[in-house]
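What follows is the residue order along each chain.
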Amino acid sequence: MAVTIKSEREIELMRQAGKYIAMAHAELEKEVKPGMSTYQIDKIGEEIIRSYGCIPTCLGYEGYPASLCISVNDEVVHGIPRKDRFVENGDIVSLDFCLSYKGYQSDCARTLAIGEISDDAKQLIEVTKQCFFEGIKYAKEGCHLYQISAAINDYADKFGYGVVRDLVGHGIGREMHEDPQIPNFRQRRRGMKLQAGMTLCIEPMINMGRADVAFMDDDWTVVTDDGSLAAHYENTVLITKGEPEILTLI
Ligand code: MF3
Ligand code: CO
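Nothing here was measured: the structure is a model prediction, and the numbers come from that model.

K.L.:
What is the right way to read the overall build of the protein from this model?
P.N.:
Along its length, the protein carries four helices and 15 strands. In summary, the protein has a C-alpha radius of gyration of 17 Å against a globular reference of 18 Å for 250 residues, a match within 12%. Dimensions along the principal axes, computed over C-alpha positions, put the protein at roughly 45 × 40 × 30 Å. Burial status across the protein gives 55% buried among its 250 residues. Once local pairs closer than 6 in sequence are excluded, the contacts in the protein between residues at least 24 apart make up 70%. When the accessible area of the protein is evaluated, it comes to approximately 10900 Å², of which 47% is carbon and sulfur surface.

Structural data, given as structure tokens:
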């Protein structure tokens with residue numbers, strides 16, 4: 001899938017899709033309570049997305065069976081919602097999902113604290129979020145992709161965290177995953193030069209321990225190999241000639 005440069009009309013639709021996914025996250029975050037199953041959270045999320053007239057596009061994507069990816073504690077991403085998996089006080093829970101509005105996709109992820117979590121877990125969530133903001137300092141026309149990757153990697157390194165290498169950020173538009181790939185770790189090549197009108201998902205996935213991950217038998221859920229906690233923070237971003245426009249923050 002090639003890199004696409006969006007027209008003004010397409011950018012406006014990407015903005016609307018972004019606004020809806022930000023609203024969906026905000027609504028959903030208020031609903032998540034200790035004792036809920038990840039299946040229940042998925043159903044609430046799907047309902048919220050559909051209430052805006054949007055389509056939950058993870059559902060059925062390469063056979064994925066739910067609307068949301070819900071990843072608890074040592075699960076990094078792509079946790080499949082389950083009736084027998086409950087979120088409890090002290091857990092950290094990553095909610096990651098995509099939706100489409102009038103044919104345009106948006107993708108956004110947040111890691112939430114359930115009740116009282118440890119200071120270490122709080123720091124992991126904050127640093128993962130800050131990794132995104134370090135990365136987007138270079139998300140503008142004329143910069144090269146590796147600058148984003150290096151900025152994320154450098155910031156995570158300061159805390160001794162593991163930067164997941166097996167999954168990367170991506171372009172987005174009419175398709176959920178478009179080129180280019182956007183690694184969160186330092187690259188040898190400088191990668192593509194960014195241009196105004198690109199829409200990109202920048203999504204650091206950061207482990208408290210080592211960077212290695214494993215894939216579970218369900219073929220989707222990605223977990224840290226060492227069992228340490230993992231956090232995820234993702235926004236869909238519009239590249240401009242100046243500062244990037246974060247489409248999925250309201
Ligand atoms: N936001 C996820 C990503 O960019 C969506 C994965 S597709 C799913 O990787 F099918 F797993 F939901
Ligand atoms: Co994504």
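Don't stop here, the text continues.
K.L.:
Help me understand the side chain of Ser67 in this model?
P.N.:
Assignment of secondary structure puts Ser67 in the loop between strand E1 (55-56) and strand E2 (69-72). Relative accessible area serves as the criterion here: at 0%, Ser67 is assigned to the buried category. The residues contacting Ser67, other than those within four sequence positions of it, are Asp42, Glu46, Pro56, Cys58, Leu59 and Phe97.

K.L.:
Sorry if this is basic, but what is going on with the UniProt feature "binding site: substrate" (unreviewed entry) in the protein here?
P.N.:
When the UniProt feature table is mapped to this numbering, "binding site: substrate" (unreviewed entry) covers His78 and His177. With respect to the helices and strands, His78 occurs in the loop between strand E3 (75-77) and strand E4 (92-101). Judged by relative accessible area, His78 falls into the partly exposed class, the value being 24%. The residues touching His78, leaving out its near neighbours within four places in the chain, are Tyr64, Cys69, Ser71, Leu167, Trp220 and Thr221. Tracing the sequence through the fold places His177 in the loop between strand E7 (169-171) and strand E8 (178-182).

K.L.:
Honestly, the UniProt feature "domain: Peptidase M24" (unreviewed entry) in the protein in this entry has me stumped. Any pointers?
P.N.:
Residues annotated in UniProt with the feature "domain: Peptidase M24" (unreviewed entry) correspond here to residues 12-241. Measuring from the first to the last C-alpha atom of residues 12-241 gives 17 Å, for a span that is 28% helix and 26% strand.

K.L.:
Please clarify how the packing of helix H1 (residues 8-31) against helix H2 (residues 38-51) should be interpreted in this entry.
P.N.:
Packed helices, taken two at a time, are described by the angle between their axes plus the distance between the axes. Relative to each other, H1 and H2 sit at 145°, their axes nearing to 10 Å. Like other packed secondary-structure pairs, H1 and H2 cross with a definite hand, here right-handed. Of H2, the residues touching H1 (which contributes Ala24, Glu27, Leu28 and Glu31) are Ile41, Ile44, Gly45, Ile48 and Ile49. Classifying every residue of the contact of H1 with H2 gives six nonpolar, one polar and two charged.

K.L.:
How should I be thinking about the sheet that holds strand E15 (residues 245-246) in this particular structure?
P.N.:
To summarise the sheet geometry, strands pair through backbone hydrogen bonds and adopt either a parallel or an antiparallel arrangement. In space, the five strands of this open sheet follow the order E8-E7-E9-E14-E15, with antiparallel pairing throughout. Each having just a single partner strand, E8 and E15 make up the two edges of the open sheet. The strands touched by helix H4 (residues 145-157) are E8 and strand E9 (199-202); relative to E8, the strand with the most contacts, the crossing angle is about 40°.

K.L.:
Sorry, what's going on with the coordination of the cobalt ion (ligand 2) here?
P.N.:
In an ideal tetrahedron of four donors about a metal, each angle is 109.5 degrees. In an ideal octahedron of six donors, the angles are 90 or 180 degrees. Taken together, Asp107 (OD), His170 (NE2), Glu203 (OE) and Glu234 (OE) make up the protein donors of the cobalt ion (ligand 2), found 2.1 to 2.3 Å from the metal. Given a relative accessible area of 6%, His170 falls into the buried group.

K.L.:
Can you walk me through unusual backbone geometry in this structure?
P.N.:
A negative phi angle characterises most non-glycine residues, just as the trans form characterises most peptide bonds. With an omega of -5°, the peptide bond between Asp179 and Pro180 qualifies as cis. By the element assignment, Pro180 lies in strand E8. The phi angle at Asn73 is positive, at roughly 55°, despite the residue not being glycine. Mapping Asn73 onto the fold places it in the loop between E2 and E3. Accessibility expressed as a relative area gives 18% for Asn73, which makes it buried. Phi angles above zero are rare outside glycine, and His78 is one such case at about 60°.

K.L.:
Got a minute to help me understand H4 in this structure?
P.N.:
Along an α-helix, residues three or four apart share an orientation, since each turn contains 3.6 residues. With 13 residues, H4 ought to run about 18 Å at 1.5 Å a step, and its terminal C-alpha atoms sit 19 Å apart, in line with that. Within the sequence span of H4, burial applies to Leu145, Ile148, Ser149, Ala150, Ala151, Ile152, Asn153, Tyr155 and Ala156. Those residues of H4 that are buried lie in contact with helix H3 (119-135), strand E6 (162-163), E8, E9 and strand E10 (205-207).

Calculation rules
- Residues numbered from 1 in each chain as written.
- Chains lettered and ligands numbered in written order.
- Predicted model: local features only at pLDDT ≥ 70, side-chain atom pairs only at ≥ 80, totals over all residues.
- Heavy atoms only, no water.
- Helix = DSSP H or I, 4+ residues; strand = E, 2+ residues; numbered from the N terminus.
- Rg over C-alpha atoms; globule rule 2.2 N^0.38 Å.
- Buried < 20%, exposed > 50% of the residue type's maximum accessible area, 1.4 Å probe, protein only.
- Contact = heavy atoms within 4.5 Å.
- Areas by Shrake-Rupley, 256 points an atom, 1.4 Å probe, with all protein chains shown as cover.
- UniProt positions renumbered as here; feature names shortened; annotations may be inferred.
- Axes fitted to C-alpha atoms, helices over the stretch in contact; angles between N-to-C directions.
- Left-handed = near helix turned anticlockwise from the far one by under 90°.
- Nonpolar A, V, L, I, M, F, W, Y, C, P; charged D, E, K, R; others polar.
- Pairing = 2+ DSSP bridges.
- Donors = N, O, S within 2.8 Å, 3.2 Å for Na, K, Ca; no water.
- Expected span 1.5 Å × (residues − 1).

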